[in-house]
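# Architecture at a glance
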Amino acid sequence: MTLTNKLPLLRPTIAALTAALSLGVAHTALAQSNPNILVVAVPSDIQNLDPTLSSGDIITQEMLTNVYDWLVDYKTTDTDGTITSDPSGFVGGLAKSFDWSDDGKVLTFHLRDGMKFSNGDPLDAEAVKFTYDRIFDQGGVTAALTKMAAVPDKDHVKVIDPLTVEFDVDTPNTLLLGNMAQFGHSILNPKVVEPHMTADDPYAHDWLKTHTEGSEQGPYKLAQWTPGDSWVLDRNDNYWGEAPKIQRIIFKIIPDPSSRLAQLLSGSVDIAYDLPTTDIKTLEDNPDITVHADTSRTVGYLGMNNDVAPFDNKLVRQAVSYAFPYDTMIDQVMNGYAIQLTSPIPDGTPTHTDEFFKYKNDPAKAKELLKEAGFPDGFETTLQIPSGLQQAKEAAVYAQQSLAQAGIKVTIQEMPGAAFTEQLQKHTLGFFYSSGWTSINNDPYYHLYWLFNSSCCNYANYKNPDLAAAIDKYTLSTDIEARDAAAVEAQKEIVDDAPWIFLDQPQKIVATRANVKGYVYYSSDNYMRFKYIYKE
């Protein structure tokens, strides 16, 4: 199936080249000879395109981030042509400005005048209201995030005039802007979406999960999607901001990482995603390639299910933590493209501290703790990892070898990705590998809530009444000094309770041809913003 909007293509030569690509013809000419076209090698296809209920797939979410905008965005700074993004600073997006009432209970957005959707329809306050009505009526993650920040329902979102929208906030807080600065809050075109809202599908989800055309208002629009093969973004000429320099972006699905690497080296693609860190080493001295490596706020860990014996014993969890080879994880598994995770709150998030991290590879200490816990001869356990993820397999092997020195016999179980994810989300894994969590809101309580207190993503089933009380008290608090102090105390308690083996904060790595310029790293979500990219 190919999904194509009916707008004319940019020029005949591009149309011809794209047709050639769809027939499987080598697309080296696209990447090497046309400065208006970008070819990107990706490992997998896009999936559910409904911004409100999008899948947890990062490829899909990055695509949505480039075809949609929202009311508020992350602040960027341009210093002599180098742009940096601030994950804790906010500016207007579709809103040219916003302001809070003196009591912190009303947030008013002032929209940019003259904005249009990709099909030319006006983007005004009614479109914002339509979008938030749909968000709350439909439910899902976006509604939950908005409610989390004390905007509980659609009646709290009010149209003041065609360019003004008001959000009434039940409790003043510092969380709302960070919860809104992401693709789930994409403003949709009611004239396009409403005709697809039916009794059987009242929110037009069936249409939106495979379509964006006519509702895009970001720098690009989805021009073509051939599932399993490729998708194409064209520049949105009705974009409210500065026009992107790249006219067309072709995303070619190449599951095999060695094939992605080969096509990058040959010049057949301009950008390659998700290359193994062992291959990145070989690229750093190649004058034809640029490697962008930025330390992320993503957390990687081995979770120990606190509801399952023997991991329901804190001393056992501490023993396992002392048995793990941390330096090996960074140097051998991540090949140096990561830093040690030393706290449940990652480096780069406010209040992070490593002062409480006490674990190191110490088999003698691990044996001492196991004896105290009632396991003088150690124990046997199964470490569950998703198949097809090389770093998970390597981490598991090193864990197996190192824990054996403390008397812990580890059997590694590789599970198909879908089955692993299903069991992870059901909280039924006992000892497991997890990576890839990035808190889109760079706020310690957002992070603590989702990973250590929520029914959603507290996969280790960690229970701490003091932490739960602190999260309840301080998530929406504007008492910054008390809020920060409690977050530091939470890190101390969690590190001591050891629900995880704290592994790493990986670097976000993007490899490009040397003539691809303008890369801007967003640590808020790790997604590429193609509006900045150009080719020399």
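Our subject is the structure that appears above.
All values reported here derive from a predicted model rather than from experimental measurement.

A few words now on the overall build of the protein. Scanning the protein from terminus to terminus reveals 18 helices and 21 strands. A compact globule built from 536 residues should have a C-alpha radius of gyration of about 24 Å, and the protein, at 24 Å, falls within 12% of that. By principal-axis analysis of the C-alpha atoms, the protein measures approximately 75 × 60 × 50 Å. With 536 residues in all, the protein has 57% of them scored as buried. In the protein, of all internal contacts separated by at least 6 residues, the share reaching a separation of at least 24 is 71%. When the accessible surface of the protein is summed, it comes to about 21,200 Å², and 49% of that surface belongs to carbon and sulfur atoms.

On to the state of the cysteines. Enumeration over the complete set of coordinates arrives at 1 disulfide. The disulfide partner of Cys456 is Cys457, and the S-S distance across this bridge is 2.1 Å.

Omega for the peptide link from Ala309 to Pro310 comes to 0°, which places this bond in the cis form. Following the sequence through the fold, Pro310 ends up in the loop between β14 (299–304) and α11 (314–323). Positive phi is not limited to glycine here, since Ala150 has a value of about 70°. Within the secondary structure, Ala150 is located in the loop between α5 (141–148) and β7 (157–161). Classification of Ala150 as buried rests on a relative accessible area of 8%.

Turning our attention to the side chain of Thr351. By secondary structure assignment, the location of Thr351 is in the loop between β15 (338–340) and α13 (363–373). Judged by relative accessible area, Thr351 falls into the buried class, the value being 18%. Apart from the residues within four sequence positions on either side, Thr351 is in contact with Ile345, Pro444, Asp484, Ala487, Val488 and Gln491.

Inspection of every chain in the model, using the stated rule, returns 24 aromatic pairs. Between Tyr239 and Trp240, the ring centres sit 5.4 Å apart and the planes meet at 50°, which makes this aromatic pair tilted. What makes Tyr239 buried here is its relative accessible area of 10%. Accessibility expressed as a relative area gives 31% for Trp240, which makes it partly exposed. The aromatic ring of Tyr273 is capped on one face by Lys508, whose charged end is 5.6 Å from the ring centroid. Its guanidinium or amino end placed over the ring of Tyr522, Arg529 lies 3.8 Å from that ring's centre, counting from NZ or CZ.

Bringing the pattern of salt bridges into the picture now. Opposite charge on two side chains allows them to pair when their charged atoms are near. According to the stated counting rule, one finds 17 salt bridges in the structure shown. Asp237 is the partner of Arg235 in a salt bridge, and the nearest nitrogen-oxygen pair spans 3.8 Å. Assessed through its relative accessible area of 18%, Arg235 is described here as buried. The class of Asp237 is exposed, set by a relative accessible area of 61%. Residue Lys463 pairs with Asp307 through a salt bridge whose shortest N-O separation is 2.8 Å. Taken together, the residues span a long stretch of sequence, with Lys463 in the loop between α16 (444–452) and α17 (465–474) and Asp307 in the loop between β14 and α11 at a distance of 156 residues. Lys463 gets classed as exposed once you look at its relative accessible area, which sits at 57%.

On to the sheet that holds strand β8 (residues 164–168), then. The strands making up a sheet associate through backbone hydrogen bonding, with each pair oriented either parallel or antiparallel. Here 4 strands make up an open sheet; going across it, the order is β5-β6-β8-β7 and the pairing antiparallel. Edge positions in the sheet fall to β5 (95–100) and β7, since each has one partner strand and no second. Along the sheet, successive strands turn relative to each other by an average axial angle of 20°, direction set aside. Sheet strands touched by helix α4 (residues 125–138): β6 (106–111), β7 and β8. Its angle to β7, the strand with the most contacts, is close to 170°.

Position of Val333 among the secondary structure elements: in helix α12 (residues 326–333). We classify Val333 as buried; its relative accessible area is 3%. Sequence spacing of Val333 and Thr277 is 56 residues, and the spatial spacing of their C-alpha atoms is 8.5 Å. Contacts of Val333, omitting those with residues within four sequence positions, involve Thr277, Thr328, Gln391, Glu394, Ala395 and Tyr398.

Once that is clear, we can look at the layout of surface pockets. In this model, the second largest pocket occupies a volume close to 600 Å³. Along its surface, the second largest pocket is lined by 27 residues, and Thr76, Ile83, Val520, Lys531 and Tyr532 are the ones closest to its centre. When residues of the lining of the second largest pocket are assigned to their parent elements, the largest contribution, 5 residues, is made by strand β4 (residues 82–92). Looking at side-chain class alone, the lining of the second largest pocket contains 12 nonpolar, 8 polar and 7 charged residues.

Calculation rules
Residues numbered from 1 in each chain as written. Predicted model: local features only at pLDDT ≥ 70, side-chain atom pairs only at ≥ 80, totals over all residues. Heavy atoms only, no water. Helix = DSSP H or I, 4+ residues; strand = E, 2+ residues; numbered from the N terminus. Rg over C-alpha atoms; globule rule 2.2 N^0.38 Å. Buried < 20%, exposed > 50% of the residue type's maximum accessible area, 1.4 Å probe, protein only. Contact = heavy atoms within 4.5 Å. Areas by Shrake-Rupley, 256 points an atom, 1.4 Å probe, with all protein chains shown as cover. Disulfide = S-S within 2.5 Å. Phe/Tyr/Trp six-rings, centres within 6.5 Å; stacked < 30°, edge-to-face > 60°. Lys NZ or Arg CZ within 6 Å of the ring centre and 35° of its normal. Salt bridge = Lys/Arg side-chain N within 4 Å of Asp/Glu carboxyl O. Pairing = 2+ DSSP bridges. Axes fitted to C-alpha atoms, helices over the stretch in contact; angles between N-to-C directions. 1 Å grid on protein atoms, 1.4 Å probe; cavity = no way out; pocket = protein on both sides within 12 Å on 5 of 7 lines; lining within 4 Å. Points joined across faces, edges and corners; volume = space filled by probe spheres on them. Nonpolar A, V, L, I, M, F, W, Y, C, P; charged D, E, K, R; others polar.

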